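If you want the building blocks of each chain, they are given just below.
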Amino acid sequence: MRSDLIESTVKRGWGITNFDIKVLGIILMFIDHVHEMFNGIGMPNWVDWFGRPVATIFFFLSVEGFIHTHNQKRYLSRLLVGFWVMQIGNLIIQHFFKLGSFGLINNIFGDLFIGVLTMYGLQTISQGHQNHQAAKIWEGILIIALPLIFAGLTLLTMGQGGNSIAFRIVTLLPSPLIAENGFILYLGPLMYLLRKNRNWQMLAVVAVAILSTGFNFSSMFTTNFQWLMFLAIIPMYLYNGQLGRSMKGFFYAFYPLHIWLLYILAWFMGVRY
């Protein structure tokens with residue numbers, strides 16, 4: 001895969017747009033969540049394979065969104081509000097409908113917010129370095145460290161129990177510790193650093209996919225299949241750099257609603273874990 005081939009693809013407009021990749025991500029995500037909610041009644045594990053590239057796809061799209069948005073702070077605000085709505089909504093849904101020991105922790109908004117916030121911090125550091133402003137550099141470092149500080153607060157309150165008021169409040173602070181994809185979310189900022197070379201971005205995805213195996217290459221198609229995230233490089237390679245149709249509002253609404261509706265449907269069908 002040569003960079004000149006990717007560049008010519010972008011220039012010709014051949015390939016798939018940002019909109020196309022979002023639609024693909026949403027379809028794969030829906031299949032993944034159907035498996036998650038109905039695994040308790042015999043949904044085969046191979047259905048979960050379809051969901052492994054989803055987070056990586058949206059991490060890549062978040063890089064594109066951060067680079068091209070006209071208002072980065074507004075972009076961050078939308079993700080943060082989405083995270084809060086999802087966190088509170090998950091608690092409310094689980095209060096009225098319980099699938100046994102199954103915990104509803106889905107919240108990609110938190111992962112995307114931390115990733116984009118880290119990109120903003122990296123950008124701030126770069127600006128400080130270019131303008132020889134030490135204060136700007138320290139500001140960027142603090143921005144990057146903020147989710148990690150929140151993770152520390154989460155650890156401190158965990159000892160009080162998951163139902164304590166302090167812990168519930170702290171879970172409204174986005175951190176890698178409570179993120180749906182854990183520290184893998186930092187693949188987004190890594191792709192941001194490599195944004196000028198698509199090949200390097202794809203190699204980063206492959207490298208993280210290999211690391212996700214824990215170098216345990218047994219059961220790679222039964223239980224240890226997070227490595228299938230590497231398939232995200234296919235739409236990344238085909239991406240032509242064009243925005244395509246806008247579906248900003250649809251994603252922000254569809255994501256929480258489809259998860260909550262699938263969860264409630266599973267409850268009505270008697271699914272328990």
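Remember, it's a predicted structure, so these values are computed and weren't measured experimentally.

What counts, and at which threshold
- Residues numbered from 1 in each chain as written.
- Predicted model: local features only at pLDDT ≥ 70, side-chain atom pairs only at ≥ 80, totals over all residues.
- Heavy atoms only, no water.
- Salt bridge = Lys/Arg side-chain N within 4 Å of Asp/Glu carboxyl O.
- Helix = DSSP H or I, 4+ residues; strand = E, 2+ residues; numbered from the N terminus.
- Buried < 20%, exposed > 50% of the residue type's maximum accessible area, 1.4 Å probe, protein only.
- Axes fitted to C-alpha atoms, helices over the stretch in contact; angles between N-to-C directions.
- Parallel < 35°, antiparallel > 145°, perpendicular 65-115°, else oblique.
- Left-handed = near helix turned anticlockwise from the far one by under 90°.
- Contact = heavy atoms within 4.5 Å.
- Nonpolar A, V, L, I, M, F, W, Y, C, P; charged D, E, K, R; others polar.
- Phe/Tyr/Trp six-rings, centres within 6.5 Å; stacked < 30°, edge-to-face > 60°.

Trainee: Even after reading the chapter, I still don't get the pattern of salt bridges, so can you show me in this structure?
Mentor: When their charged atoms lie close together, side chains carrying opposite charge are able to pair. Inspection of every chain in the model, using the stated rule, returns two salt bridges. The partner of Arg 52 in a salt bridge is Asp 32, with the nearest N and O atoms 2.9 Å apart. Placement of Arg 52 in the loop between helix H2 (18–38) and helix H3 (54–68) and of Asp 32 in helix H2 is noted, with a sequence separation of 20 residues between them. Under the relative-accessibility criterion, Asp 32 is labelled buried at 11%. Salt bridges linked by common partners bring Asp 32, Asp 48 and Arg 52 together as one network.

Trainee: Any chance you could explain the packing of helix H4 (residues 72–96) against helix H11 (residues 248–268) here in plain terms?
Mentor: For any two helices packed against each other, the geometry is given by the interaxial angle and the distance between the axes. Put simply, H4 and H11 touch, their axes get as near as 11 Å, and they point 15° apart. As judged from the angle between their axes, H4 and H11 are roughly parallel. Considering the relative orientation of H4 and H11, their crossing is right-handed. Across from Tyr 75, Arg 78, Leu 79, Val 85, Met 86, Gly 89, Asn 90, Ile 93 and Gln 94 in H4, the residues of H11 making contact are Lys 248, Tyr 252, Tyr 255, Pro 256, Ile 259, Trp 260, Tyr 263 and Ile 264. Of the residues contributing to the contact of H4 with H11, the split by class is twelve nonpolar, three polar and two charged.

Trainee: I keep staring at the packing of aromatic side chains and nothing clicks. Help me out?
Mentor: Each aromatic ring pair is summarised here by two numbers: the centre-to-centre distance and the angle between the ring planes. This model, assessed by the stated rule, comprises 20 aromatic pairs. A ring pair is formed by Trp 49 and Phe 221, whose centres lie 5.6 Å apart and whose planes are at 65°; its orientation type is edge-to-face. Of this pair, Trp 49 sits in the loop between H2 and H3 while Phe 221 sits in the loop between helix H9 (198–212) and helix H10 (233–238), and the two are 172 residues apart along the sequence. A relative accessible area of 28% places Trp 49 in the partly exposed class. Relative accessible area serves as the criterion here: at 49%, Phe 221 is assigned to the partly exposed category.

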